[in-house]
Amino acid sequence: MGAVTSGHSLLQGALLALVMLGAGHAQAASSVLIWPIDPVLEADQQASALWLENRGTETANLQIRVFGWSQSGFAEQYQNQRDVIGSPPVAKIEPGQKQLVRLTRTKDVPPGQELAYRIIIDEIPSAQPPAAEGGKTAAAIRFQMRYSVPLFAYGAGLWSKEDSTRPRDPKGIGVPQLSWRTVAVDGRPYIEVRNQGAVHARLTDVAIKQGGQSKPLAEGLLGYVLPGAVMRWPVPGALASESALQVRVNGGVQVQSIAPGR
């Protein structure tokens, strides 16, 4: 599998553009459009499709890699792996053109399990900076854009993403089982969220409710908690014992209110 690398060090030196999951498409300043933004590999699928479109005015040179994704020590961890392969690994997309990336599994997921991956797409800057008038080289700062797209693969008997076009066994739906508590780290308050369910939890629109008032923690994406993992986020001030965590899980219609664990 290769050495485990933390998400922070993996992304060091690049401008990270996290593809947010609140809309059907996602677009960053580099004008690379990516869809779908929540691809999955169902138990009966050997491959899934990811589309990249260049909506800019310059050629986009992209490198596509798929890493295993886990969480430990309250941090994201990425591992080299060959269970899911993205093809082609390198794409050159002209302005206005699209590229299909085929996400192919080479190994089955154990029954009843969800495995998580991150598709890392790096935009490789042009080798030469643009020329200025008179043939002189213009001084320019060129950023390397990085996109990170989550991918989840499922074993037989388990599914998570709603899809009206696919037959579903209602007994196979996986749901997160969340609990949370407050902790202090170096004198600063944090919330820890634990997921004891079979599938991931994507946490959005998160707020702390106490004393009849809600204090927002994240209006969009706060983060993920993978199955069996615990993640931690800072909160703005101490929390009362009767506080409740209000959160939208995996894009659900209703915001859930979760009491703290004991």
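Quick caveat: nothing in here was measured; it's all calculated off a predicted structure.

A few words on the overall build of the chain. Broken down by element type, the chain carries one helix and 20 strands. Per element, the accessible surface of the chain, about 14,000 Å² overall, is 51% carbon and sulfur.

Applying the stated criterion to the full structure yields four aromatic pairs. Where Trp-69 meets Phe-152, the ring centres are 5.8 Å apart and the plane angle is 40°; that geometry is what we call tilted. Of this pair, Trp-69 sits in strand E7 (residues 60–72) while Phe-152 is found in strand E13 (residues 145–154), placing the two residues 83 residues apart along the sequence. Phe-152 shares its class with Trp-69; the two are buried. On the numbers, 6.3 Å between centres and 35° between planes, the contact of Phe-152 with Tyr-224 is tilted. In this pair, Phe-152 sits in strand E13 while Tyr-224 sits in strand E17 (residues 213–225), placing the two residues 72 residues apart along the sequence. What makes Tyr-224 buried here is its relative accessible area of 4%.

In this section: the pairing of strand E12 (residues 114–123). Counting buried positions along E12 gives nine out of 10 residues, so the element sits mostly inside the fold. Sheet analysis places E7 next to E12, joined by seven bridges and oriented antiparallel. Bridge pairing in E12 links Ile-64 to Ile-121. Relative to E13, E12 runs antiparallel, the two being bridged by nine bridges. Across the sheet, the residue bridging to Arg-118 is Pro-150, located in E13.

Take the sheet that holds strand E19 (residues 244–249) next. Taken in spatial order, the four strands of this open sheet run E17-E16-E19-E20, and their pairing is antiparallel. Since the sheet does not close on itself, it has two edges, and those belong to E17 and strand E20 (256–258), each with one partner. For this sheet, the mean inter-axis angle between neighbouring strands, taken without regard to orientation, is 25°. Bridging between E19 and E20 involves three bridges; their strand directions are antiparallel. From the neighbouring strand, Gln-246 faces E20, where its bridge partner is Ser-257.

The subject of this paragraph is the sheet that holds strand E18 (residues 230–234). Spatial ordering of the open sheet is given by E14-E15-E18, a layout of three strands whose pairing is antiparallel. On the outer flanks of this sheet lie strand E14 (178–185) and E18, each paired with one strand and no other. Averaged over all neighbouring strand pairs, the angle between strand axes comes to 25°, with direction disregarded.

On average, residues of the chain score 86 in pLDDT, and 82% of them are at 70 or above. Here residues 1–5 scores under 50 on pLDDT; set against residues more than four positions off or in separate chains, the count is 14 contacts. Confidence over residues 7–29 falls short of pLDDT 50; this stretch has 51 contacts with residues more than four positions distant or in other chains.

Calculation criteria
Residues numbered from 1 in each chain as written. Predicted model: local features only at pLDDT ≥ 70, side-chain atom pairs only at ≥ 80, totals over all residues. Heavy atoms only, no water. Helix = DSSP H or I, 4+ residues; strand = E, 2+ residues; numbered from the N terminus. Areas by Shrake-Rupley, 256 points an atom, 1.4 Å probe, with all protein chains shown as cover. Phe/Tyr/Trp six-rings, centres within 6.5 Å; stacked < 30°, edge-to-face > 60°. Buried < 20%, exposed > 50% of the residue type's maximum accessible area, 1.4 Å probe, protein only. Pairing = 2+ DSSP bridges. Axes fitted to C-alpha atoms, helices over the stretch in contact; angles between N-to-C directions. pLDDT = per-residue confidence, 0-100. Contact = heavy atoms within 4.5 Å.

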